[in-house]
There are 2 protein chains.
Amino acid sequence: MRTALVIGTGLIGTSAALALASRGVTVHLADHDPAQAGTAASLGAGTDRAPEVPVDLVLVAVPPARVADTLAEAMDKGLGRGYLDVASVKGGPLGELRARSADLSRYLGTHPMSGREKSGPLAATAELFEGRPWVLTPTPETDTEVLNLALELVSLCRAVPVVMDAEAHDRAVALVSHMPHLMSSLVAARLEHAEDTAVRLCGQGIRDVTRIAASDPRMWIDILSANAGPVADLLAELAEDLGETVAALRSLQSADEDKRTGGAAGVEAVLRRGNAGQVRVPGKHGAAPRVYESVAVFIDDQPGQLARIFADAGRAGVNIEDVRIEHATGQQAGLVQILVEPKAVPVLTRALTEQGWVLRG
Amino acid sequence: MRTALVIGTGLIGTSAALALASRGVTVHLADHDPAQAGTAASLGAGTDRAPEVPVDLVLVAVPPARVADTLAEAMDKGLGRGYLDVASVKGGPLGELRARSADLSRYLGTHPMSGREKSGPLAATAELFEGRPWVLTPTPETDTEVLNLALELVSLCRAVPVVMDAEAHDRAVALVSHMPHLMSSLVAARLEHAEDTAVRLCGQGIRDVTRIAASDPRMWIDILSANAGPVADLLAELAEDLGETVAALRSLQSADEDKRTGGAAGVEAVLRRGNAGQVRVPGKHGAAPRVYESVAVFIDDQPGQLARIFADAGRAGVNIEDVRIEHATGQQAGLVQILVEPKAVPVLTRALTEQGWVLRG
């Protein structure tokens, strides 16, 4: 790949352009807002002058609702040898192109599983895709040359290619991203009018469950609109489970002992199915979750405390896998949970104790 | 408080006994399993010999279903001047004691908002309650002397007392703990039979939402059984919102433009209510969440990398508020997000860049 045209210079388009430009590809930038393409160009993502056509790769990075129109227009003009998009939903654009009888041999729908809490070209970075899955959804019509072009793009962006069918992709992101997002919003919504004393009792559990409910509604309304069918199907399935859970809890309050036993079995089934699903969530490194053990250290909230702990762990040769900092309600003191491989626990415990740290239990 | 009898030497009972014993209180330990009381005694939590009665404080730390019986029996025998329990649900035990015409002037129901992923006396620690809220639920009958005894216990355990009505407590923990727990299980349950390729696309969002679904079902069935009513009420309210969300998503697929507009408004309302609820979740220190900014640093997965980052931050005088480690799918490399006060961002960025760290964007 020697030349590329990136249409749409938001976070994803500009980040991909930065990665391609930094690896020697001549990148041209276009946007319906020329000032935004100019901003991307000023960041070193390429030039906002029009390219000599055809370029090797046309990369369409516009909002989901505009993807099919933009691709069809670019294909009509013969701007490139291969056409990719990066929309977070894949069935819709493919269906629209098919309905327009576009040349599907030159097109491949893709979706980099990267994102940030910020958007726009100023949030872009060439490293955005490093180590993240980048889904490719080839059809039987897709030319091998175009598939290889996509694999080259993914490689230049240091991402990990994952090949899926477009419909399977849409169901997958509904499951692992869109449905959990709405559930997080629905749980958080119940706190909107809660009493202050109740909210004071929040702990790390609800903090984790509701974290993604803080996201920008404007971006999410676009994503959910483009994948409304699969998300609605999943939420309807979950609503059925939820109805059964409510019924099981009501049975637990019954005067009839058989009903109470049935209710307890129903609630336990939900908890056990939750266990079974949770262990499937990949941990670090995309592998099956490894089991880490936690060593908990009391700190006060001064600069340098964490540095000293990590330095002491490093000197003991212990590799820290994850860290969780819990702070005490109404106090400045806190607890640092350090997750390490089980075999490192005695080494770390000894090293930290020797250095005078107070460990929990 | 000079003498205490702790009945039930699991995680909470033994931890409280350890805290009291370490601050000079003579603690007696009892358990329906004498071997478990012996274990707690061997950890320094007190003696498993019977006390001279009455002791100053009888602390009942048995499973929720056994609380009222255990309290009534202790009161009948006149074992103490004041009687407290630490069950995670408060309305049930109080109602049962009232039904038995127990002397409620000597009783106060409490709930320390502490816990760990482990249980039993071996997981106990005198520091378990440090800085955490400890709910006290006095009734009009409660003697001031008993309330002061509870406040002394909370103080000796270095916890933060929060006074609430028993029913308000049960509704509050249903809202901030029990309902989110079941929702996390229900989301995780949908992954149980998901395809491997779908599960590979999981990111930090679903990882956070489903984390608490990994908890022990046996403990949770006890908690949920004891608070089934308020939890069922909250889940039923959430089910209504969920039904409306499914309907809004279905409208988004309609051929009728008005319906689509209505559907988009419905989905947006859920997302915005989620925003409004999420900001109420207290952050660190139990205060309203402060806004931190993130500085993202690339690392490889070697011992000492985090130590060096934290040391470099500490030398620059920057106080790290929170840390999140993201690891790349299929790779050993990762990204550390360091959260700091906004004013510390330029200082930290400069310090880390000078030390040769690669920052994201």
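Definitions and cut-offs
Residues numbered from 1 in each chain as written. Chains lettered and ligands numbered in written order. Predicted model: local features only at pLDDT ≥ 70, side-chain atom pairs only at ≥ 80, totals over all residues. Heavy atoms only, no water. Helix = DSSP H or I, 4+ residues; strand = E, 2+ residues; numbered from the N terminus. Buried < 20%, exposed > 50% of the residue type's maximum accessible area, 1.4 Å probe, protein only. Contact = heavy atoms within 4.5 Å. Lys, Arg positive; Asp, Glu negative; His and termini not counted. Charge placed at Lys NZ, Arg CZ, Asp CG, Glu CD. Least-squares fit on C-alpha atoms with pLDDT ≥ 70 in both. Buried area = accessible area lost by both parts, 1.4 Å probe. Salt bridge = Lys/Arg side-chain N within 4 Å of Asp/Glu carboxyl O. Polar contact = N/O pair within 3.5 Å; in protein donor to acceptor, adjacent residues only side chain to side chain. Nonpolar A, V, L, I, M, F, W, Y, C, P; charged D, E, K, R; others polar. Core = buried A, V, L, I, M, F, W, Y, C linked by side-chain atoms within 4.5 Å. Axes fitted to C-alpha atoms, helices over the stretch in contact; angles between N-to-C directions. Parallel < 35°, antiparallel > 145°, perpendicular 65-115°, else oblique. Phe/Tyr/Trp six-rings, centres within 6.5 Å; stacked < 30°, edge-to-face > 60°.

A. Looking closely at the overall build of chain A. Check the secondary structure of chain A and you find 13 helices and 10 strands. Its C-alpha atoms put chain A at 70 × 60 × 40 Å along the principal axes. Each of the 361 residues in chain A was classed as buried or not, and the buried ones make up 57%. Nonlocal contacts in chain A, meaning residues at least 24 apart in sequence, comprise 68% of its contacts between residues at least 6 apart. Counting 34 positive and 45 negative side-chain charges, chain A places the centres of these two groups 5 Å from one another.

B. A look at helix H4 (residues 91-99) of chain B. All names here are of chain B. Looking at H4, one finds that the buried residues are Gly91, Pro93, Leu94 and Leu97. The inward-facing, buried residues of H4 contact helix H3 (67-76), strand S4 (80-85), strand S5 (107-112) and helix H6 (166-189). After H4 finishes, the residue Ser101 shows a positive phi value of roughly 55 degrees.

C. Representation of the relation of the copies chain A and chain B in the model. The two copies are related by a screw motion: chain A maps onto chain B through a turn of 180 degrees and a shift of 0.0 Å along the axis, at an RMSD of 0.1 Å. The transformation relating the two chain copies, once decomposed into turn and shift, fits a two-fold axis. When C-alpha distances to the rotation axis are compared across chain A, the minimum falls at A:Val209, with a value of 2.1 Å. Both copies share a contact surface, since 100% of the interface residues of chain A are interface residues in chain B too.

D. Fine view of the interface of chain A and chain B. Listed per partner, the contact involves 129 residues of chain A and 129 residues of chain B. The junction of chain A with chain B conceals about 11600 Å² of combined surface from both sides, 65% of it contributed by carbon and sulfur atoms. Summed over the shared surface of chain A and chain B, the result is 12 salt bridges. For B:Arg250, the salt bridge goes to A:Asp233, with nearest N and O atoms at 2.9 Å. The interface formed by chain A and chain B includes 22 residue pairs in polar contact (both at pLDDT 80 or more). Take the side of chain A that touches chain B: its biggest share by element is 18 residues, from helix H10 (residues 228-252) of chain A. Tallied by class, the residues present in the side of chain A that touches chain B amount to 66 nonpolar, 34 polar and 29 charged.

E. Fine view of the nonpolar core. A:Met183, A:Leu235, A:Leu249, B:Met183, B:Leu235 and B:Leu249 are the most contacted members of the largest nonpolar core, which totals 86 residues. With 42 residues, the next largest nonpolar core counts A:Val345, A:Trp357, B:Val297 and B:Ile338 among its residues.

F. Inspection of the packing of H4(B) against H6(B) at higher detail. Residues and elements named next belong to chain B. In the contact formed by H4 and H6, the axes pass within 8 Å of each other and the chain directions differ by 150 degrees. The angle between the axes of H4 and H6 places the two elements in the roughly antiparallel class. Contacts from Gly91, Gly92 and Leu94 of H4 reach H6 at Ala166, Glu167 and Asp170. Taken together, the residues of the contact of H4 with H6 break down into 2 nonpolar, 2 polar and 2 charged.

G. Inspection of the packing of aromatic side chains at higher detail. Residues and elements named next belong to chain A. For the structure on display, the rule yields 2 aromatic pairs over all chains. With 4.9 Å between their ring centres and 40 degrees between their planes, Phe129 and Trp134 make a pair best called tilted. By relative accessible area, Trp134 is classed as buried at 0%.

H. Quick peek at the side chain of A:His111. Mapped onto the fold, A:His111 is located in strand S5 (residues 107-112). Excluding its chain neighbours within four sequence positions, the residues that come into contact with A:His111 are A:Val86, A:Ala87, A:Ser88, A:Lys90, A:Pro133, A:Trp134, A:Val135, A:His169 and A:Val173.

The values are spatial; any link to function lies outside them.
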